[in-house]
Amino acid sequence: MTQPELHWTEGEAPDQTHHTARWRSESGATPPKRVVLADDRTTADMAYRLACEGVGLLWRGDFQNARQLLQAITRRVDKRPRKPVESMLEAFNQHRQIQSQRARILGMLLIPFDAGHGISLRRAPDARQACEEAHGPADEPYVASLRELLGLIGAFEWRKKGVEIPALDNRIHPHYGVFSPLRGEYIDLVARTPMPRGSVAFDIGTGTGVLAAVLARRGGKRVIATDMDPRALACARENLERLGLSRQVEVVEADLFPEGRVSLAVCNPPWLPARPSSPVEHAVYDPDSRMLRGFLNGLPAHLTPNGEGWLILSDLAEHLGLRTREQLLEMIEQAGLRVVERIDTRPTHGRAKDADDPLYAARSKEVTSLWRLAAAA
């Protein structure tokens, strides 16, 4: 697919020079229609006003000053007042709208890249390897937002450092754009729930491969891990190779289930039934509960007679008013399944305890559950 282009002019009229460069946006944002040059003389108030108007600011100054300017714009964005709401659903919708507007405004500070992902700005970091691993080679110059670049650099550091997984006594290294297993409670559920007897297990929507690795370490003689995202497939294969489990776990590209029947099929779908506003949100939002319904409806045809399906799901959607417990139970029943057991745990992440979070009333009540499911008699 051809990348869109960004257009701007430089120089004083009538000697203005028109420039064009490829536009790159991981979030899927369209290029700003109007672009002005910005440098170390640009004030935070001016930058904030232009960004709110949808004007892109193509940076020509010191890179570290650009970072400070982005922080100043961020402070101005975050000071904007919120309207009172009467329900958690209203709070959630307002939160998403504010986050979308915030991303749009902060995405207006732009950085020029050379071919090969180089950045020709004073005090700019060498981000070539981070960009290469996330995007592949760059054969020509392009422009991207500073905010996305900083996120990419941060993700690259996470990839090198990895995330400690106590259940594996090792680390998982998430790739850029692949959901990081920072919330360990769902991993612990899979690590401690008694496994049904059988030699083969499925990990549906494997992501980093963390649950497939846990199943293999727990004695699964063969695990088949599936995903549709090329980044996730590459990430899972690399992690499983590093853990010495690549012979035990097969990573395959599939939309949910591969062929065959197994004694155990595990799925940790996105927990919120809402539409993603960008490609990177697909790990959090499951529009119309597509993946959840697909797993439940496909499960009976892929289980052995005594097999189980493990659905790992937070009830945050219920507290936000996006789905009721009755609707979830109805999905399970309509799929021809019954609940064998539900094992609950409370999240330990910081947001669950942050009273300043706009969704704190819902997050503070959140429970993550492993639903043991079997075919209805």
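Residues numbered from 1 in each chain as written. Predicted model: local features only at pLDDT ≥ 70, side-chain atom pairs only at ≥ 80, totals over all residues. Heavy atoms only, no water.

Undergrad: How would you explain the overall build of the protein chain if you had to name every residue and give the values?
TA: Scanning the protein chain from terminus to terminus reveals twelve helices and 15 strands. Seen along its three principal axes, the alpha-carbon backbone of the protein chain occupies a region of about 80 × 50 × 35 Å. The buried share of the protein chain, taken over its 377 residues, is 50%. The long-range share in the protein chain, meaning contacts at least 24 apart out of those at least 6 apart in sequence, stands at 68%. Of the roughly 19000 Å² that the protein chain leaves accessible, carbon and sulfur atoms contribute 48%. Averaging the positions of the 50 positive and the 49 negative side-chain charges in the protein chain gives two centres separated by 3 Å. (Helix = DSSP H or I, 4+ residues; strand = E, 2+ residues; numbered from the N terminus. Buried < 20%, exposed > 50% of the residue type's maximum accessible area, 1.4 Å probe, protein only. Contact = heavy atoms within 4.5 Å. Areas by Shrake-Rupley, 256 points an atom, 1.4 Å probe, with all protein chains shown as cover. Lys, Arg positive; Asp, Glu negative; His and termini not counted. Charge placed at Lys NZ, Arg CZ, Asp CG, Glu CD.)

Undergrad: Give me the domain arrangement of the protein chain: which residues, what numbers.
TA: According to the domain assignment, the protein chain contains domain 1 (5-157) and domain 2 (162-375). Across the boundary between the two partners, domain 1 contributes 15 residues, which contact 21 residues of domain 2. Note on domain 1 versus domain 2: buried area summed over both sides is about 1500 Å², and carbon and sulfur give 62% of it. A salt bridge links R231 to E26; the shortest N-O distance between them is 2.5 Å. Remark: the boundary between domain 1 and domain 2 carries four residue pairs in polar contact (both at pLDDT 80 or more). Looking at the side of domain 1 that touches domain 2, the elements that each hand over two or more residues are α3 (88-106), α4 (128-135) and α5 (146-161). It is α3 that contributes the most residues to the side of domain 1 that touches domain 2, six residues altogether. (Domains from an automatic or database assignment. Buried area = accessible area lost by both parts, 1.4 Å probe. Salt bridge = Lys/Arg side-chain N within 4 Å of Asp/Glu carboxyl O. Polar contact = N/O pair within 3.5 Å; in protein donor to acceptor, adjacent residues only side chain to side chain.)

Undergrad: Could you give me a rundown of the pattern of salt bridges, with the residues and numbers involved?
TA: Tallied over the full model, the rule gives 25 salt bridges. One salt bridge in this structure joins R122 and D40, with 2.6 Å as the shortest N-O distance. One end of the pair, R122, is in the loop between β5 (109-113) and α4; the other, D40, is in the loop between β3 (34-38) and α1 (44-52), with 82 residues separating them in the sequence. With a relative accessible area of 37%, D40 lands in the partly exposed category. Residues participating in the shared-partner salt-bridge network are E133, R159, E238 and R242.

Undergrad: How would you explain the packing of aromatic side chains if you had to name every residue and give the values?
TA: In total, this model carries four aromatic pairs according to the counting rule given. Seen from their ring centres, Y186 and W271 are 6.4 Å apart, and the 90 degrees between their planes marks the pair as edge-to-face. On the criterion of sequence distance, the pair formed by Y186 in helix α6 (residues 185-192) and W271 in the loop between β12 (262-267) and α9 (290-298) is long-range, its members being 85 residues apart. Residues Y186 and W271 agree in their burial class; the two are buried. (Phe/Tyr/Trp six-rings, centres within 6.5 Å; stacked < 30°, edge-to-face > 60°.)

Undergrad: Would you mind going over the sheet that holds β3 in detail, with residue names and values included?
TA: If you trace the six strands from one edge of the open sheet to the other, you get β1-β2-β6-β5-β4-β3, paired in mixed fashion. Taken across any chain shown, the strands that pair with only one partner, and hence form the sheet edges, are β1 (5-10) and β3. With direction set aside, neighbouring strand axes in the sheet form an average angle of 40 degrees. Sheet topology note: the strand β2 (residues 17-23)/strand β6 (residues 142-145) ladder contains two bridges and is parallel. Its bridge partner lying in β6, R22 is registered against Y142. Across the sheet, α1 is in contact with β3 and β4 (55-59); its angle to β4 comes to roughly 135 degrees. (Pairing = 2+ DSSP bridges. Axes fitted to C-alpha atoms, helices over the stretch in contact; angles between N-to-C directions.)

Undergrad: Please set out the sheet that holds strand β9 (residues 200-204) residue by residue, giving values where relevant.
TA: Strand order in this open sheet of seven strands is β11-β10-β9-β12-β13-β15-β14, and the pairing throughout is mixed. With one partner strand each, in any of the chains shown, β11 (249-253) and β14 (337-345) form the two edges of the open sheet. The mean inter-strand angle of the sheet, taken between neighbouring strand axes irrespective of direction, is 20 degrees. When strand β10 (residues 222-227) meets β11, the two strands line up parallel, connected through five bridges. Of the residues in β11, the one forming a bridge with I224 is E250.

Undergrad: How would you summarise the state of the cysteines if you had to cite specific residues and measurements?
TA: All told, the structure shown has zero disulfides when counted by the stated rule. Left without a disulfide partner, C235 is nearest to the cysteine sulfur of C267, which lies 17 Å away. (Disulfide = S-S within 2.5 Å.)

Undergrad: Provide a residue-level description of the packing of helix α2 (residues 63-78) against α3, including the pertinent values.
TA: A pair of packed helices is captured by two measures, namely the crossing angle of their axes and the spacing between those axes. Where α2 meets α3, the axes come as close as 10 Å, and the angle between the chain directions of the two elements is 150 degrees. By the angle between their axes, α2 is roughly antiparallel relative to α3. Remark: the crossing between α2 and α3 carries right-handed chirality. Contacts from L70, I73, T74, V77 and D78 of α2 reach α3 at R102, I105 and L106. Per-class residue counts for the contact of α2 with α3 are five nonpolar, one polar and two charged. (Parallel < 35°, antiparallel > 145°, perpendicular 65-115°, else oblique. Left-handed = near helix turned anticlockwise from the far one by under 90°. Nonpolar A, V, L, I, M, F, W, Y, C, P; charged D, E, K, R; others polar.)

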